[in-house]
Structure formats: structure tokens, C-alpha cells
Protein chains: 2
Amino acid sequence: MDQATCAFMQAAIDEARKGLEEGGIPIGSVLVHDGKIIGRGHNRRVQQGSAILHGEMDALENAGRQPARVYQEATLYTTLSPCAMCSGAILLYGIKQVVIGEHDTFMGEEQLLSGRGVKLEVRHDQTCKTLMREFIARKPELWDEDIGR
Amino acid sequence: MDQATCAFMQAAIDEARKGLEEGGIPIGSVLVHDGKIIGRGHNRRVQQGSAILHGEMDALENAGRQPARVYQEATLYTTLSPCAMCSGAILLYGIKQVVIGEHDTFMGEEQLLSGRGVKLEVRHDQTCKTLMREFIARKPELWDEDIGR
């Protein structure tokens, strides 16, 4: 991972930690275009009673309305493998590259994304894994709710 | 379509019209559980500058945090065939039935949904078609933006 990629994954991890500090689910994401973060987000199920603001969705929302070209040229960095909803958003907007912190604690729709031509890079990041493992052990019901179980 | 189904599709159409009156994209949805509407929504791209509040997403958000069982027993009524993002949300939460107003002006991820066992009913509703046709003819750029083109 080059230095810029490291910095963007770190920004996603910072978002995840922010969520944790707020009492929420520690998953964070950033949307990067042209070498700059244009949207940051973290899961807000607890904080806003939201059923749709996963980290990736929150980053997309905070990036605001963007022309199609921007999404198509963007890379999404996310601490955890994207669920069906977030993967669907990636497909809707034609985001072509996704860098994933880890997929051991939860395997999202990576097969669907790859099959549609999205380039995935899984980082197997230890910090991302630890954040999720500790959270799931502490609040299994909340985690199940978030992924529709 | 039985009388209850008619009423729920009408409620989704009412949401679409509300969106249109607000200057927005005329797509509406309702989430129904146990014979009652538990969430209503319409597309809010224009009204809230939102990249993620499609009609279906807005209905899910307005239904609030629900236990997994409720989604699995629920039916989503939506005026237009659900895009990749909204289809992903349907899969995430295990919603098993979706009633669709029409899929002529836009064909969403119906094949993906059917393939995962979601029961779809397409109503070929003339009001839904007219709402979308008139809107797309008037604001093609806005429509393209909404579906990531």
C-alpha cells in the first residue's frame, strides 16, 4: 500500500473510532477523488437511530450530490467488507475501486462487486479486525441488527 | 391486486406526488408490516441534497430501527423498479416481498432480487409511468444524476 492509500485507510479508521467514541458501531469510510477526501462517514445506527447510515452510506451522503464522473473516478475506503446495501450503492454510482480494511469479521457482497467489475483490495488490517471483534463481543445484538440478522 | 395492496400502492404514489410538489423526483415507497404502514418515504435528492435518500431508502429510514423479524415479514411498495442501492437494502434486511409500480421507465435490479428469492410483483401502473415519463422529459439531467449516469 503506498503512502496515500495508507493515509486514506487511516482516515476511515479514524471515522470508525469516532463512531465508537460516540457509542456507535465502529465502521468508517472515506470517499476519495483526485487524491482528496470528498466525503467522510461512520455508522450512525445508534447515534441517529438510522437504519441506512452505514459508514459507506454516510460517506456518500456527506460527499453531497456529485456528477457521475466523480463517482466513476473515485475510490471508496472502508474499514469493513461492504454489506449488500453499501455494495448496491457502489454499483449504483459506478464506483470502480474499493479498498477494504478487513473481511474476516464480516464478509460482504465482494463476489457481487467483483463480478460487476469493481476492483477490490482487501487490506487484512489488524486494527480494523480488533475494532470489530471487540465491538461484536461486547454488543452482539446491535451488530446483528445492523446486518439484518 | 386486492384492496389492501391497492391502498398501499396508492400511499406510495401519494409519496411520489408529494416529492414532485416539493420540486423533487417523483418516486415514493411505503414499508408495510402486519397490515400497517410502518415507514413512508420519497426521493429527497433535490429537497435535502441527498445522494442516498431514494424513495425506498427514505421509507426504511423513516420506519426507524426495526428487529430483523419485522423486515423479513414486511412488504415494500415502491412506485419504480428498485435501483442497485435500494435492492441492496432489500437484501440486507431480508425483505421478502416487493410490489413495484412499474419498470418500463427504469429497470432496476429485479433479476438480482429474484435470484436471491425475493418475490416481486410488477403492477404496470399507468399513474406511476406517467409521473416518471413527464419528469424525465422535463429534467433528464436530474434523473441521470439520480441513477448514476
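Our subject is the structure that appears above.
Residues numbered from 1 in each chain as written. Chains lettered and ligands numbered in written order. Predicted model: local features only at pLDDT ≥ 70, side-chain atom pairs only at ≥ 80, totals over all residues. Heavy atoms only, no water.

Colleague: Break down the overall build of chain A for me, with residues and values.
Modeller: On a plain count of helices and strands, chain A comes out with eight helices and five strands. In chain A, the succession of α and β elements from N to C terminus is α-β-β-α-α-α-β-α-β-α-β-α-α. At 14 Å, chain A has a C-alpha radius of gyration in line with the 15 Å of a compact globule built from 149 residues. If you line up chain A on its principal axes, its C-alpha atoms span 40 × 30 × 30 Å. (Helix = DSSP H or I, 4+ residues; strand = E, 2+ residues; numbered from the N terminus. Rg over C-alpha atoms; globule rule 2.2 N^0.38 Å.)

Colleague: Hey, could you go over the relation of the copies chain A and chain B for me, with residue numbers and the actual values?
Modeller: Relative to chain B, chain A is turned by 180 degrees and slid 0.0 Å along the rotation axis, the superposed coordinates differing by an RMSD of 0.0 Å. Seen this way, the second copy is the image of the first under a two-fold rotation axis. The position closest to the rotation axis in chain A is occupied by the C-alpha of Gly88 of chain A, lying 2.4 Å away. Most of the interface of chain A is mirrored in chain B, where 100% of its interface residues again form contacts. (Least-squares fit on C-alpha atoms with pLDDT ≥ 70 in both. Contact = heavy atoms within 4.5 Å.)

Colleague: Now, about the sheet that holds strand 4 (residues 97-102) of chain B: what can you tell me, with residues and values included?
Modeller: Residue and element names in this part refer to chain B. Taken in spatial order, the five strands make up an open sheet running 2-1-3-4-5, and their pairing is mixed. In the strand order of this sheet, the two ends are held by strand 2 (36-42) and strand 5 (119-122), each with one partner. Between one strand axis and the next, the sheet turns by 15 degrees as a mean value, whatever way the strands run. With six bridges connecting them, strand 1 (residues 28-33) and strand 2 associate as antiparallel partners. By the bridge assignment, Val32 is partnered in strand 2 with Ile37. Running at roughly 60 degrees to strand 4, helix 7 (residues 126-138) makes contact with strand 3 (75-80) and strand 4 of the sheet. (Pairing = 2+ DSSP bridges. Axes fitted to C-alpha atoms, helices over the stretch in contact; angles between N-to-C directions.)

Colleague: A description of the pairing of strand 3 of chain B should follow, citing residues and the corresponding values.
Modeller: Residue and element names in this part refer to chain B. The buried fraction of strand 3 is high, at six of six residues. As judged from the four bridges shared by strand 1 and strand 3, these two strands associate in the antiparallel manner. Directly across from Ser29, in strand 3, lies its bridge partner Thr78. As paired elements, strand 3 and strand 4 share five bridges and run parallel to each other. (Buried < 20%, exposed > 50% of the residue type's maximum accessible area, 1.4 Å probe, protein only.)

Colleague: Any details on helix 1 (residues 3-21) of chain B? Residues and values, ideally.
Modeller: All names here are of chain B. Its 19 residues give helix 1 an end-to-end C-alpha distance of 27 Å, which sits within 8% of 27 Å, the value for a rise of 1.5 Å per residue. When helix 1 is considered as a whole, its buried residues turn out to be Thr5, Phe8, Met9, Ala11, Ala12, Ile13, Glu15, Ala16 and Gly19. Where helix 1 is buried, its residues touch strand 1, strand 2, helix 2 (45-48), strand 3, strand 4 and helix 7. Downstream of helix 1 by a residue or two, Gly23 has a phi angle that is positive, lying close to 90 degrees. (Expected span 1.5 Å × (residues − 1).)

Colleague: Which residues make up the pattern of salt bridges, and what values go with them?
Modeller: Following the criterion strictly, the structure yields 20 salt bridges over all chains and no others. Measuring nitrogen to oxygen at the nearest pair gives 2.7 Å for the salt bridge that ties Glu145 of chain A to Arg65 of chain B. On the criterion of chain membership, the pair formed by Glu145 of chain A in helix 8 (residues 140-146) and Arg65 of chain B in the loop between helix 3 (55-63) and helix 4 (68-73) is interchain, its members lying in two chains. By sharing partners, the salt bridges in this structure join Arg45, Glu145 and Asp146 of chain A together with Arg65 of chain B into a single network. (Salt bridge = Lys/Arg side-chain N within 4 Å of Asp/Glu carboxyl O.)

Colleague: Pulling in residues and values, what's your account of the environment of Ala4 of chain B?
Modeller: Residue and element names in this part refer to chain B. As for its position among the elements, Ala4 is in helix 1. For Ala4, a relative accessible area of 41% puts it in the partly exposed group. The spatial distance from the C-alpha of Ala4 to the C-alpha of Gly35 is 7.9 Å, given a sequence separation of 31 residues.

Colleague: Describe the environment of Gln10 of chain A, with residues and values.
Modeller: Residue and element names in this part refer to chain A. Here Gln10 lies in helix 1 (residues 3-21). Gln10 sits in the partly exposed class, given a relative accessible area of 39%. In the structure, Gln10 is positioned 117 residues away from Thr127 in sequence and 9.8 Å away in space, judged by C-alpha atoms.

Colleague: Give a description of the interface of chain A and chain B that names residues and reports values.
Modeller: Contact residues are listed per partner, giving 34 residues for chain A and 34 residues for chain B. Of the roughly 2700 Å² buried where chain A meets chain B, counting both sides, 58% is carbon and sulfur surface. It is Ile52, Arg65 and Leu92 of chain A in chain A that bury the most area against chain B; as a group they hold 26% of the surface buried on that side. One can count 16 residue pairs in polar contact (both at pLDDT 80 or more) joining chain A with chain B. Every element with two or more residues in the side of chain A that touches chain B is listed here: helix 2 (45-48), helix 3 (55-63), helix 4 (68-73), helix 5 (84-93) and helix 8 of chain A. For the side of chain A that touches chain B, the element with the highest residue contribution is helix 5 of chain A, accounting for seven residues. (Buried area = accessible area lost by both parts, 1.4 Å probe. Polar contact = N/O pair within 3.5 Å; in protein donor to acceptor, adjacent residues only side chain to side chain.)

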